[in-house]
Amino acid sequence: MIIKSDSNMKNKMSVFKIIKSKVPIIIAHRGASADAPENTLAAFKLAKRMGVDGIEIDVHLSASGDIVVIHDYELNRTARMPDGKPLKSRLNVEDLTLAELRKYDFGIWFSDKYSGEKIPTLEEVMDLIGSDILLNIEIKADRKKPFRKLSTAIANFLCEYSKKHSVNNVIVSSFNPLALNAFRSKARKLNLVIPTGLLYGYSPEVPWYLKRGQGRFIHNPDFMLSYCAGLQNKGDLSSIGLFKKRPVFVWTVDDVASATCLIQKNITGIITNVPEKMLTLKTVGT
Ligand code: G3P
Ligand code: MG
């Protein structure tokens with residue numbers, strides 16, 4: 001039986017409250033990823049210091065069942081051996097335990113300054129970020145990968161975490177509407193209400209028949225997260241059919257002219273690699 005307690009309904013309300021008070025909200029994509037190695041604690045600390053409204057992270061499930069924060073399905077692009085050399089073979093995140101993943105360096109590929117950065121767990125990131133800014137957890141579950149275990153693990157984890165800390169600032173997003181269904185269904189069984197966001201656009205992770213946001217007919221999300229290309233030619237984005245009644249975040253917007261244009265078309269927030277630059281748009285009251 002599904003019971004929604006008042007306190008859990010507040011989770012959803014709180015996210016909307018945070019968003020409403022800060023529109024246009026500026027979300028750091030994989031942390032402050034233009035200035036620090038993506039999806040590392042260093043990138044999240046830096047984004048916090050910049051004063052962002054939110055942080056976006058990507059998560060996968062390790063072989064030991066730990067939820068780890070990394071974008072790619074393989075380690076190779078962002079992981080190096082402890083001596084800084086590239087990995088000798090292709091390695092999948094899901095094939096390694098947390099202890100094995102921790103042996104690699106996830107900072108040195110970006111700059112020597114960040115050598116020694118380890119792959120973070122979702123728990124470490126949540127402890128660092130706290131509950132004052134939004135946390136957008138993206139379930140990495142493209143159509144070729146099994147997603148149920150990861151979606152369920154995230155719901156279980158958030159439920160446990162919510163017993164000691166607030167999760168009022170959390171949104172769970174994905175390109176895969178089925179992964180969002182699996183997450184929501186498990187979360188509801190655990191009496192946990194977390195808003196969801198459907199990502200769509202011209203990403204290889206989205207099958208062609210869902211590229212224009214049709215995934216919303218499979219999973220009814222609280223937010224739409226649209227790829228930025230093409231939106232500038234459209235009218236008021238808050239009132240066209242696709243987005244109606246749902247706040248819209250746009251990714252990944254790194255130039256001020258595009259961001260200004262999108263904000264004028266009433267989008268709710270921008271996901272960016274350069275949050276410091278985008279935050280200036282708020283202060284000038286664009
Ligand atoms: O949340 C928007 C963005 O993160 C989706 O694309 O590939 O950077 O995870 P990607
Ligand atoms: Mg992402």
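### Looking at the coordination of the magnesium ion (ligand 2)
- Glu56 (OE), Asp58 (OD) and Glu138 (OE) make up the full set of protein donors to the magnesium ion (ligand 2), lying at 1.9 to 2.1 Å.
- Summarised as a motif, the one-chain spacing of the donors to the magnesium ion (ligand 2) is E-x1-D-x79-E. One end of the pair, Glu56, is in strand β2 (residues 54–61); the other, Glu138, is in strand β4 (residues 134–139), and 82 residues separate them in sequence.
- Classification of Glu56 by relative accessible area gives buried; the value is 3%.

### Section: the packing of aromatic side chains
- Following the criterion strictly, the structure yields 8 aromatic pairs and no others.
- Here Phe175 and Trp251 contribute two aromatic rings whose centre-to-centre distance is 5.6 Å and whose plane-to-plane angle is 80°, an arrangement assigned as edge-to-face. One end of the pair, Phe175, is in the loop between β5 (170–174) and α6 (177–189); the other, Trp251, is in strand β8 (residues 248–251), and 76 residues separate them in sequence.
- The buried category is assigned to Phe175, whose relative accessible area is 9%.
- With a centroid separation of 4.9 Å and 50° between ring planes, the pair formed by Tyr227 and Trp251 is classed as tilted. Of the two residues, Tyr227 sits in strand β7 (residues 223–227) while Trp251 sits in strand β8, which places them 24 residues apart along the sequence.
- Relative accessible area serves as the criterion here: at 30%, Tyr227 is assigned to the partly exposed category.
- Ring pairs connect the aromatic residues Phe16, Phe223 and Phe249, which therefore count as one cluster.

### A word on the pairing of β4
- Of all 6 residues in β4, 6 are buried; the element is thus mostly enclosed.
- Where burial is concerned, the two faces of β4 agree: the one with Leu134, Asn136 and Glu138 and the one with Leu135, Ile137 and Ile139 are both buried.
- Alignment of β2 against β4, held across 6 bridges, turns out to be parallel. Note that in β4 the partner of Ile57 across the bridge is Ile137.
- Pairing of β4 with β5, which is carried by 4 bridges, proceeds in the parallel orientation. When the bridges of β5 are listed, Asn136 appears paired with Ile171.

### What about the pairing of β7?
- Most of β7 is tucked away: 4 of the 5 residues are buried.
- The sheet contact formed by strand β6 (residues 196–200) and β7 spans 4 bridges and is parallel. What sits directly across from Tyr200, in β7, is Ser226.
- Where β7 meets β8, 4 bridges bridge the pair, whose relative direction is parallel. Among the inter-strand pairings, Met224 is bridged to a residue of β8, identified as Val248.

### Points about empty space enclosed by the protein
- As enumerated under the stated definition, the model contains 1 cavity of 30 Å³ or more in all.
- In this model, the largest cavity occupies a volume close to 60 Å³.
- Contributing to the lining of the largest cavity are Glu38, Asn39, Thr40, Val69, Ile70, His71, Thr78, Phe106, Ile119 and Pro120.
- Here the residues of the lining of the largest cavity are counted per class, giving 5 nonpolar, 4 polar and 1 charged.

### Topic: the pattern of salt bridges
- Considering all chains together, one arrives at 12 salt bridges under this definition.
- Measuring nitrogen to oxygen at the nearest pair gives 2.9 Å for the salt bridge that ties Lys140 to Glu205. In this pair, Lys140 is assigned in the loop between β4 and α5 (148–162) and Glu205 in the loop between β6 and β7, connecting sequence segments 65 residues apart.
- With a relative accessible area of 4%, Lys140 lands in the buried category.
- Among the residues examined, Glu205 registers a relative accessible area of 15% and is labelled buried.

Rules used throughout
- Counting restarts for each chain, with residues numbered from 1 along the sequence as it is written.
- Chains and ligands are labelled by the order in which they are written, letters from A for the one and numbers from 1 for the other.
- Residues qualify for local features only when their pLDDT is at least 70, as the model is predicted, and side-chain atom pairs are given and counted only at 80 or more; totals for whole chains, interfaces and linings, by contrast, use all residues.
- For the side-chain quantities, the full set of heavy atoms in the structure was used; hydrogens and water were omitted.
- A donor here means an N, O or S atom no more than 2.8 Å from the metal, or no more than 3.2 Å when the metal is Na, K or Ca. Since water is not included, a site may seem to lack partners.
- Helix numbering and strand numbering both begin at the N terminus, where a helix is a DSSP run of H or I of at least 4 residues and a strand a DSSP run of E of at least 2.
- Only protein chains enter the calculation, and the probe is 1.4 Å; a residue is then buried if its accessible area is under 20% of its type maximum, exposed if over 50%, and partly exposed in between.
- Within 6.5 Å between ring centres, the rings of Phe, Tyr and Trp (the latter by its six-membered ring) count as paired, and their orientation is classed by plane angle as stacked under 30 degrees, edge-to-face over 60, tilted in between.
- In this description, strands pair whenever DSSP reports at least two bridges between them.
- Lining residues are defined by having an atom within 4 Å of a point belonging to a cavity or pocket. Those points lie on a 1 Å grid over the protein atoms alone, cavities being sets where a 1.4 Å probe fits but cannot get out and pockets being open sets with protein on both sides within 12 Å along at least five of seven lines.
- Grid points are joined across faces, edges and corners, and a volume is the space filled by probe spheres set on the points.
- Under the grouping applied here, Gly and all other residues not named as nonpolar or charged are polar, the nonpolar ones being Ala, Val, Leu, Ile, Met, Phe, Trp, Tyr, Cys and Pro and the charged ones Asp, Glu, Lys and Arg.
- Throughout this description, the term salt bridge denotes a Lys or Arg side-chain nitrogen within 4 Å of a carboxyl oxygen of Asp or Glu.

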